[in-house]
Amino acid sequence: MSDEHWYEGETGSLVRPYTVTRGRTEPSKRLTIDLMSQVTAVDADLAETGVDHARAALLALVRRGARPVVELAADADLPLTVVRVLLGDLAEAGLVRIDRPRRVEPAGPAADPALLKEIVERLREL
């Protein structure tokens, strides 16, 4: 028997993503979780909620500051589908708030339809 140990950093994740989400591939139908949805932590006692390791780790990332879902997935080094399911669970437990992305209306030259037509025509000429 070897004294050599393998750690997650050397071997990759030892737990398959579908086990973390309990086989689910989508969050609750009651929630809309877009790539750019803003996630904010809600003050709650983590010890009383019974949150498992994966959800607690994600919640710790959210508690650092409100961020979009896509950034959380990158920082957690988890597939986006897994992060969406975990965030849905945290939202239903009342630990995070998920806000839809704000729609930004274009302003200035980007809002000018004539300019946009001209750009399209010039691109077609290329």
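Residues numbered from 1 in each chain as written. Predicted model: local features only at pLDDT ≥ 70, side-chain atom pairs only at ≥ 80, totals over all residues. Heavy atoms only, no water.

1. Structural notes on helix α5 (residues 69–76)
Line of reasoning, step 1. If you check which residues of α5 are buried, you get Val 69, Leu 72 and Ala 73. Down the axis, α5 shows its buried residues gathered within 100° of arc, on one side only.
Line of reasoning, step 2. Against the buried residues of α5 lie β1 (38–41), α4 (53–63), β2 (67–68) and α6 (80–92).
Line of reasoning, step 3. One or two residues past the end of α5 sits Asp 77, with phi positive at roughly 55°. (Buried < 20%, exposed > 50% of the residue type's maximum accessible area, 1.4 Å probe, protein only. Helix = DSSP H or I, 4+ residues; strand = E, 2+ residues; numbered from the N terminus. Arc of directions from axis to C-beta. Contact = heavy atoms within 4.5 Å.)

2. Considerations on α6
Line of reasoning, step 1. If you check α6, its first and last C-alpha atoms are 18 Å apart, about what 13 residues at 1.5 Å a residue would give, namely 18 Å.
Line of reasoning, step 2. Three or more residues of α6 are buried, namely Val 82, Val 83, Val 85, Leu 86, Leu 87, Gly 88, Asp 89, Leu 90 and Ala 91.
Line of reasoning, step 3. Of the residues flanking the end of α6, it is Gly 94, one or two places downstream, whose phi is positive at about 80°. (Expected span 1.5 Å × (residues − 1).)

3. Focus on the packing of α4 against α5
In a packed pair of helices, the relevant descriptors are the angle between the two axes and the axis-to-axis distance.
Line of reasoning, step 1. Relative to each other, α4 and α5 sit at 125°, their axes nearing to 10 Å. Here α4 lies oblique to α5, going by the angle between them. α4 and α5 meet at a crossing whose hand is right-handed. Where α4 abuts α5, its residues Leu 58, Leu 61 and Val 62 lie against Leu 72, Asp 75 and Ala 76. (Axes fitted to C-alpha atoms, helices over the stretch in contact; angles between N-to-C directions. Parallel < 35°, antiparallel > 145°, perpendicular 65-115°, else oblique. Left-handed = near helix turned anticlockwise from the far one by under 90°.)

4. A closer look at a nonpolar patch on the surface
Line of reasoning, step 1. A grouping of Leu 115, Leu 116, Ile 119, Leu 123 and Leu 126 is seen on the molecular surface, where their side chains present a nonpolar patch of about 510 Å² in accessible area.
Line of reasoning, step 2. Relative to the helices and strands, Leu 116 is located in helix α7 (residues 113–125).
Line of reasoning, step 3. For Leu 116, a relative accessible area of 42% corresponds to the partly exposed category. (Patch = residues over 30% accessible without salt bridge, like charges linked within 9 Å, V, L, I, M, F, W, Y side chains within 5 Å. Areas by Shrake-Rupley, 256 points an atom, 1.4 Å probe, with all protein chains shown as cover. Salt bridge = Lys/Arg side-chain N within 4 Å of Asp/Glu carboxyl O.)

5. A few points about the pattern of salt bridges
Line of reasoning, step 1. Inspection of the entire model under this criterion finds five salt bridges.
Line of reasoning, step 2. In this structure, Arg 55 engages Asp 89 in a salt bridge whose closest nitrogen and oxygen atoms are separated by 2.8 Å. In this pair, Arg 55 sits in helix α4 while Asp 89 sits in helix α6, placing the two residues 34 residues apart along the sequence.
Line of reasoning, step 3. Arg 55 gets classed as buried once you look at its relative accessible area, which sits at 5%.
Line of reasoning, step 4. For Asp 89, a relative accessible area of 17% translates into the label buried.
Line of reasoning, step 5. Note that Asp 99 is salt-bridged to Arg 97, the shortest N-O span being 3.0 Å.
Line of reasoning, step 6. Take Arg 97: its relative accessible area is 44%, and that puts it in the partly exposed class.

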